[in-house]
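# Reading the structure
Below are the chains, spelled out letter by letter.
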Amino acid sequence: MRKLLSLVVVATLGASLVACGSGKDEFGAGGIKVTSDFGQKPTVTHREGDPEKQLVTEVLKEGDGPEVKKGELLTANYLGQIWRDGKVFDNSYDRGAPSSFPIGVGSVIGGWDEGLVGKKIGSRVLLSVPADKGYKETGNEQAGIKGDDTLIFVVDLVGEAGNDTPLDANPVTPSTPTKISVTGALNAEPKVTVAAGTKPPAKPGKPIVFALGKGKPIEKGSQLIGRYVVYDYTGKKQASTWDAQPATQQSPAQPAAPTDQLQVGPGPTGQTGALDGLAGIPVGSRVLVELPASKDQAGKTVNAFAVIDILNAFPAPKQTGQ
């Protein structure tokens, strides 16, 4: 349910860098020029010769939103280009949706952690990232990045979310009677109590709203930014985005942070999911969702539910090749 971006994934999450100039010198910071406005796919060119050896950061357009803080989940559109040959190795604009990643905690390349923390939401930022703050001597063969390549990124900062981001919502009487109590501040992990003897439903029902958000209704085919806790019906906590996760053989360590891996269907191929019932509920809401039964590692059936704080919603990205 929860999946945070790794360094390799963010390698394919390139972003392109650009700067504006006028007069005799048409290139901006780092010898880079960027065309198009915030939210539009940029075109990047640069001066001839070698790139700067140090990290170059320039705010091409400053936003008026909050500053990005270390440890938050940053949502952004981006384009990434290699200085050496001008190859655009990845961009989110063609997918029709921004991407999200923890910032400032080593989950992305160093140039992004250094260059984006402290910038305001709504800003377009240009980064020229030398190899030592990018993919280092190993490069990224799949993306065509060599070990000594400088990378240019243009990044549009769309949103940020932390575990202490308050929901813009009003507590309400649960929309459906339930033996599960959900209380606590709307900027912290909810306190969940399950009444003794509570049995799981025969099949998941409709989501139960505990705090009604003031944002736009969630549309079908959305990708949500959210936080969650998962409990079984004995009242035992199974998972939480407020808890950091240690590294495993399958995935790197994951910091405590919101996630973007919450999909409201239908999916790209028409598939359905446990969160499809969230369509129509306003962004900003705190909602209980009953989950389908699953098996644990020992093969034992687990019945559980999730309490989800819905922080934002975006169109789900298009599949590669669409």
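Keep in mind the model is a prediction, meaning the values are calculated, not measured.

To continue, consider the overall build of the protein. Of the regular secondary structure elements, the protein holds two helices and 19 strands. Against the globule reference of 20 Å for 322 residues, the protein gives a C-alpha radius of gyration of 21 Å, in line with a compact fold. The principal-axis extent of the C-alpha atoms belonging to the protein is close to 75 × 40 × 35 Å. Taking all 322 residues of the protein together, 47% fall into the buried category. Taking the contacts inside the protein whose residues are at least 6 apart along the sequence as the reference set, 72% of them involve residues at least 24 apart. A total of about 15600 Å² of accessible surface is found on the protein, and carbon and sulfur atoms cover 51% of it. The positive charge centre, built from 34 side chains, and the negative charge centre, built from 34, are 8 Å apart in the protein.

On to the pattern of salt bridges, then. Per the stated rule, a full pass over the model turns up 13 salt bridges. Residue Lys237 pairs with Glu189 through a salt bridge whose shortest N-O separation is 3.0 Å. Here Glu189 lies in the loop between strand S10 (180-183) and strand S11 (191-194) and Lys237 lies in strand S14 (residues 237-240), a separation of 48 residues in the sequence. The shortest N-O distance in the salt bridge between Asp309 and Arg227 comes to 2.9 Å. Of this pair, Asp309 sits in strand S19 (residues 304-315) while Arg227 sits in strand S13 (residues 222-232), and the two are 82 residues apart along the sequence. Relative accessible area serves as the criterion here: at 0%, Arg227 is assigned to the buried category. Through salt bridges that share partners, Arg84, Asp85 and Asp149 make up one connected network.

A word on the packing of aromatic side chains. The final tally for this structure, using the stated rule, is six aromatic pairs. Their ring planes at 85° and their centres at 5.2 Å tell us that Trp112 and Phe153 sit as a pair that is edge-to-face. Of the two residues, Trp112 sits in helix H2 (residues 110-116) while Phe153 sits in strand S8 (residues 151-161), which places them 41 residues apart along the sequence. With respect to burial, Trp112 and Phe153 carry one shared label: buried. Of the aromatic side chains, those joined through ring pairs into one cluster are Tyr78, Phe89, Phe101, Trp112 and Phe153. Across from the ring centre of Phe38, 5.0 Å away, lies the NZ or CZ of Lys61, which sits over that ring.

The next thing to look at is unusual backbone geometry. With an omega of 5°, the peptide bond between Gly265 and Pro266 qualifies as cis. With respect to the helices and strands, Pro266 occurs in the loop between strand S15 (259-264) and strand S16 (286-290). The backbone of Lys136 shows a phi angle near 55°, a positive value even though the residue is not glycine.

Ranked by size, the top nonpolar core spans 24 residues in total, and within it Trp112, Leu116, Phe153, Val155 and Leu157 carry the most contacts. Where this core is concerned, the elements lending two or more residues are strand S4 (73-82), H2, strand S7 (124-129) and S8. Core analysis: the next-biggest nonpolar cluster, separate from the first, contains 19 residues, Leu262, Leu291, Val302 and Ala306 among them.

Attention now moves to the side chain of Asp156. Tracing the backbone through its elements, the reader meets Asp156 in strand S8. Once residues lying within four places of it in the same chain are set aside, the contact partners of Asp156 are Phe38, Gly39, Gln40, Thr75, Ala76, Asn77, Tyr93, Ser123 and Arg124.

Attention now moves to the pairing of S8. In the case of a regular strand, side chains alternate between the two sheet surfaces. Judged by how many residues are buried, S8 sits mostly within the fold: nine of 11 residues are covered. Across six bridges, S7 lies against S8 in antiparallel orientation. In the strand pairing of S8, Val129 is matched with Leu151.

As for its placement among the helices and strands, Ser240 is situated in strand S14. Reaching out from Ser240, the side chain makes a polar contact with the side chain of Glu189 at a distance of 3.4 Å.

Below, the discussion takes up the environment of Ala316. Inspection of the secondary structure assignment puts Ala316 in the segment after S19. Note on Ala316: relative accessible area 22%, which makes it partly exposed. Those residues in contact with Ala316 that sit more than four places away from it in its chain are Ala97, Gly221, Ser222, Gln223 and Gln263.

Here we take up the confidence of the model for the protein. A low pLDDT means the predicted coordinates there should not be read in detail. In the predicted model, the protein carries a mean pLDDT of 89, and 91% of its residues have values of at least 70. Residue range residues 1-24 is modelled with pLDDT below 50. Its contacts to residues more than four positions away, or to other chains, number 115 contacts.

Attention now goes to the environment of Leu151. Here Leu151 shows up in strand S8. Overall, Leu151 belongs to the buried group, its relative accessible area being 1%. Between the alpha carbons of Leu151 and Gly111 there is a distance of 9.5 Å; along the sequence they are 40 residues apart.

Cut-off values and rules
Residues numbered from 1 in each chain as written. Predicted model: local features only at pLDDT ≥ 70, side-chain atom pairs only at ≥ 80, totals over all residues. Heavy atoms only, no water. Helix = DSSP H or I, 4+ residues; strand = E, 2+ residues; numbered from the N terminus. Rg over C-alpha atoms; globule rule 2.2 N^0.38 Å. Buried < 20%, exposed > 50% of the residue type's maximum accessible area, 1.4 Å probe, protein only. Contact = heavy atoms within 4.5 Å. Areas by Shrake-Rupley, 256 points an atom, 1.4 Å probe, with all protein chains shown as cover. Lys, Arg positive; Asp, Glu negative; His and termini not counted. Charge placed at Lys NZ, Arg CZ, Asp CG, Glu CD. Salt bridge = Lys/Arg side-chain N within 4 Å of Asp/Glu carboxyl O. Phe/Tyr/Trp six-rings, centres within 6.5 Å; stacked < 30°, edge-to-face > 60°. Lys NZ or Arg CZ within 6 Å of the ring centre and 35° of its normal. Core = buried A, V, L, I, M, F, W, Y, C linked by side-chain atoms within 4.5 Å. Pairing = 2+ DSSP bridges. Polar contact = N/O pair within 3.5 Å; in protein donor to acceptor, adjacent residues only side chain to side chain. pLDDT = per-residue confidence, 0-100.

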